[in-house]
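Spelled out from the first residue to the last, the chains are:
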Amino acid sequence: MELHNDAVIYMDNNATTRIAPEVLETMMPFLADYYGNPSSMHTFGGQVGHALAKARDQVANLIGAEPEEITFTSCGTESDSTAILSALQTYPEKRHIVTTRVEHPAVKNLCENLDRLTGHKHRVTRLKVDADGMLDLGEYEEALTDDTAIVSVMWANNETGVIFPVAEMAKMAKERGILFHTDAVQAVGKVPINLKDLEVDFLSLSGHKLHAPKGVGVLYVRRGTMFVPFLTGGHQEKGRRGGTENVASIIALGKACDLAAERMDDENTRVRALRDKLEEGLLAAVPRSMRNGHQTERLPNTSNISFEFVEGEAILLHMNRYNICASSGSACTSGSLEPSHVLRAMGVPFTAAHGSIRFSLSSYNTEAEIDFVLAKMPGIIESLRQMSPFWKGN
Ligand SMILES: Cc1ncc(COP(=O)(O)O)c(C=O)c1O
């Protein structure tokens, strides 16, 4: 198969990001030359151990944690599973979990399968969201009970970018003696996080969402929090996660965390301004289009827009002709186009949920790319609407 990346306009950074050139440069020697096992007694392996320790410091620095609170995993999904299953094993008598209706499948599908995985019956409360994708803290407070083992609430939504009030929610859980996990896979590197100021027990992050490679993640476990490993085996990660470390990717993640800290201002100013220009331009130019998700309580890089009476997948195919990469809120499953569970939870009408497109930017995007997309999108939507039996003009 021929591969190409000619002049691609990449606006799908919530799906995955390019590896930053500086990150690639930092990791390469650990693939080519320094291939020793960090657990080995010889100097050749030991030096790799020192490099791992540096990466642990770099990750800890980005999120305001201590290095010993960082456990490297294979991905965000593993970190999510580990946190939730650890809490259930720590408190086997507690059979209740509180989460939301808009979690990533890494948490959503785990919660749907808990009875099978643990051999126990569990009760899961899935908090509702409003039309802006926001939670009701009154409903949350009522959901917390003496039987609740853990709360798992994402920091920021992968489809809409909506940010939840994690600080307040973690505090409320702590007051009830309940463990709190946040899936911060989409938030880390995009918004400042300081775990020293928060009552969070577990936090998940993933390398490939912040310009490090795929296949590396982190689970933060607050010092003093009871922890039961998911993968048992060797003594790696102080016995918290067996398996020889994915050394080069971990070192890459460390460097990516340093870069993310340096670029945090750019992300929250220039990238945010580009996102706003794209969003405002599209909403003004395309009739019957709307933003999905709260206007301000949102990641700076994400814009989810519905174009009524067109199919998201058809839009993506047309965008693809111009090498513009984004995502749609509907997935083609078993022949039927199912709108996303996130948009359905927000009550977005079917005609709009089907035509939703998520643009997710990064600091590599330029104003020229935004202008190009703004020039092409109205024509794409108009041509598709002309083919739609439901479109009767605006
Ligand atoms: C919010 C969220 N959680 C978890 C994951 C899963 O991360 P990974 O791909 O590293 O398993 C993703 C990936 O899209 C995500 O967006």
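Refer to the structure presented above.
So, how was this worked out
- Residues numbered from 1 in each chain as written.
- Predicted model: local features only at pLDDT ≥ 70, side-chain atom pairs only at ≥ 80, totals over all residues.
- Heavy atoms only, no water.
- Helix = DSSP H or I, 4+ residues; strand = E, 2+ residues; numbered from the N terminus.
- Rg over C-alpha atoms; globule rule 2.2 N^0.38 Å.
- Buried < 20%, exposed > 50% of the residue type's maximum accessible area, 1.4 Å probe, protein only.
- Contact = heavy atoms within 4.5 Å.
- Areas by Shrake-Rupley, 256 points an atom, 1.4 Å probe, with all protein chains shown as cover.
- Lys, Arg positive; Asp, Glu negative; His and termini not counted.
- Charge placed at Lys NZ, Arg CZ, Asp CG, Glu CD.
- Pairing = 2+ DSSP bridges.
- Axes fitted to C-alpha atoms, helices over the stretch in contact; angles between N-to-C directions.
- Core = buried A, V, L, I, M, F, W, Y, C linked by side-chain atoms within 4.5 Å.
- Domains from an automatic or database assignment.
- Disulfide = S-S within 2.5 Å.
- Patch = residues over 30% accessible without salt bridge, like charges linked within 9 Å, V, L, I, M, F, W, Y side chains within 5 Å.
- Salt bridge = Lys/Arg side-chain N within 4 Å of Asp/Glu carboxyl O.
- Arc of directions from axis to C-beta.

Considering the overall build of the protein
Argument step 1. The helix and strand inventory of the protein stands at 12 helices and 15 strands.
Argument step 2. The C-alpha radius of gyration of the protein comes to 22 Å, within 12% of the 21 Å expected for a compact globule of 394 residues.
Argument step 3. Principal-axis analysis of the C-alpha atoms places the extent of the protein at approximately 70 × 50 × 40 Å.
Argument step 4. Taken over 394 residues, the protein has a buried fraction of 54%.
Argument step 5. Restricting the contact set of the protein to residue pairs at least 6 apart, pairs at least 24 apart contribute 74%.
Argument step 6. Carbon and sulfur atoms form 54% of the exposed surface of the protein, whose accessible area is close to 17,000 Å².
Argument step 7. Positive and negative side-chain charges of the protein, numbering 39 and 50 respectively, have mean locations separated by a distance of 3 Å.

Overview of the sheet that holds strand 9 (residues 289-291)
Argument step 1. Spatially, the 4 strands line up as an open sheet ordered 9-10-15-12, and their pairing is antiparallel. Two strands lie at the open edges of the sheet, namely strand 9 and strand 12 (327-328), each paired on one side alone.
Argument step 2. Relative to strand 15 (residues 356-360), strand 12 is paired through 2 bridges, and the arrangement is antiparallel. Residue Ser327 lies in a different strand from strand 15, and its bridge partner there is Arg358.
Argument step 3. Packing against the sheet, helix 8 (residues 247-285) makes contact with strand 9, strand 10 (302-307) and strand 15, and its axis sits at approximately 10 degrees to strand 10.

Focus on the nonpolar core
One broad trend across soluble globular proteins is that nonpolar side chains are buried collectively.
Argument step 1. Counting residues in each nonpolar core, the largest one holds 72 residues, and the members touching the most others are Ile63, Tyr140, Trp155, Phe180, Leu203 and Leu253.
Argument step 2. It is helix 8 that contributes the most residues to this core, 11 residues altogether.
Argument step 3. A domain-level breakdown of this core finds at least three residues from each of domain 1 (9-16 + 263-387) and domain 2 (21-259).
Argument step 4. Residues Ile9, Ile315, Ile370 and Leu374 belong to the second largest nonpolar core, which totals 24 residues.

Let's talk about the state of the cysteines
Argument step 1. Throughout the structure, instances matching the rule amount to 0 disulfides.
Argument step 2. No disulfide involves Cys111; its sulfur sits 16 Å from the nearest other cysteine sulfur, which is in Cys75.

Comments concerning the pairing of strand 15
Where a strand is regular, its side chains alternate between the two sheet faces.
Argument step 1. Within strand 15, 5 of the 5 residues are buried, which leaves the element mostly enclosed by the surrounding structure.
Argument step 2. Of the two faces of strand 15, the one carrying Ser356, Arg358 and Ser360 and the one carrying Ile357 and Phe359 are both buried.
Argument step 3. Summarising the sheet, strand 10 and strand 15 pair through 5 bridges and their orientation is antiparallel. Paired with Ser303 across the two strands is Phe359, which belongs to strand 15.

Concerning a nonpolar patch on the surface
Argument step 1. On the surface, Leu24, Met28 and Leu31 cluster together to form a nonpolar patch covering roughly 280 Å² of accessible area.
Argument step 2. Of note, Leu31 is situated in helix 1 (residues 21-32).

A word on the pairing of strand 5 (residues 148-152)
Argument step 1. Most of strand 5 sits inside the fold, with 5 of its 5 residues counted as buried.
Argument step 2. As defined by bridge partners, strand 3 (residues 96-100) adjoins strand 5 across 3 bridges and the pair is classed as parallel. Across the sheet, the residue bridging to His96 is Thr148, located in strand 5.
Argument step 3. Note that strand 5 and strand 6 (residues 179-183) share 3 bridges and pair parallel.

Digging into helix 7 (residues 166-175)
Argument step 1. Among the residues making up helix 7, those that are buried are Val166, Met169, Ala170, Met172 and Ala173. Down the axis of helix 7, the buried set is contained in an arc of 160 degrees. They therefore lie on one face.
Argument step 2. Positive backbone phi, approximately 70 degrees, marks Gly177, located one or two places after helix 7.

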